[in-house]
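# Residue-level structural notes
Spelled out from the first residue to the last, the chains are:
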Amino acid sequence: MAIPKRKRFRVTRDNSFVTCFPYACPTTGKDKWRFGWRKRETEKWRYVTAATKAEIEALAWEKLGEVAEGFVWSALEAATR
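The shown structure was predicted, so the numbers you read here are calculated from the model rather than taken from an experiment.

Conventions used here
- Residues numbered from 1 in each chain as written.
- Predicted model: local features only at pLDDT ≥ 70, side-chain atom pairs only at ≥ 80, totals over all residues.
- Heavy atoms only, no water.
- Core = buried A, V, L, I, M, F, W, Y, C linked by side-chain atoms within 4.5 Å.
- Buried < 20%, exposed > 50% of the residue type's maximum accessible area, 1.4 Å probe, protein only.
- Helix = DSSP H or I, 4+ residues; strand = E, 2+ residues; numbered from the N terminus.
- Pairing = 2+ DSSP bridges.
- Axes fitted to C-alpha atoms, helices over the stretch in contact; angles between N-to-C directions.
- Contact = heavy atoms within 4.5 Å.

The next subject is the nonpolar core. With 12 residues, the main nonpolar core is built from Phe9, Val11, Val18, Cys20, Trp33, Phe35, Trp37, Val48, Ala50, Ile56, Ala60 and Leu64. Counting residues per element, the ones that place at least two in this core are β1 (9–13), β2 (16–24), β3 (31–37), β4 (46–50) and α1 (53–69).

The backbone of Asp14 sits at a positive phi, close to 50°, despite the residue not being glycine. By secondary structure assignment, the location of Asp14 is in the loop between β1 and β2. The exposed category is assigned to Asp14, whose relative accessible area is 55%. Residue Asn15 is not a glycine yet carries a positive backbone phi of 60°. Inspection of the secondary structure assignment puts Asn15 in the loop between β1 and β2. Take Asn15: its relative accessible area is 83%, and that puts it in the exposed class.

On to the sheet that holds β2. With respect to topology, 4 strands assemble into an open sheet ordered β1-β2-β3-β4, the strand pairing being antiparallel. Two strands in the sheet have a free side with no partner beyond their single neighbour: β1 and β4. Between one strand and the next, the sheet's axes are offset by a mean angle of 30°, whatever the strand orientation. Looking at chain direction, β1 and β2 are connected through 5 bridges and run antiparallel. Bridge pairing links Arg13 to Ser16 in β2. Lying over the sheet, α1 contacts β1, β2, β3 and β4, oriented at roughly 35° with respect to β1.

Below you can see the structure in the form of structure tokens.
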């Protein structure tokens, strides 16, 4: 088993956190970053993927802010927004 070259990290905001982890795209094989989130335990997991570590860190910070506010606008379809 190979040792991963990139390590996962956490982004924390308002007593909540998400863990960002390395991800290899199955179709292109490119190395990317990803985190999963869900608003409630009964909901399905949703994933956000980005190409760079800085980009995924910024997206995770924004998502944690939306979840803390109580309503996640980005989870809605474009027509509903």
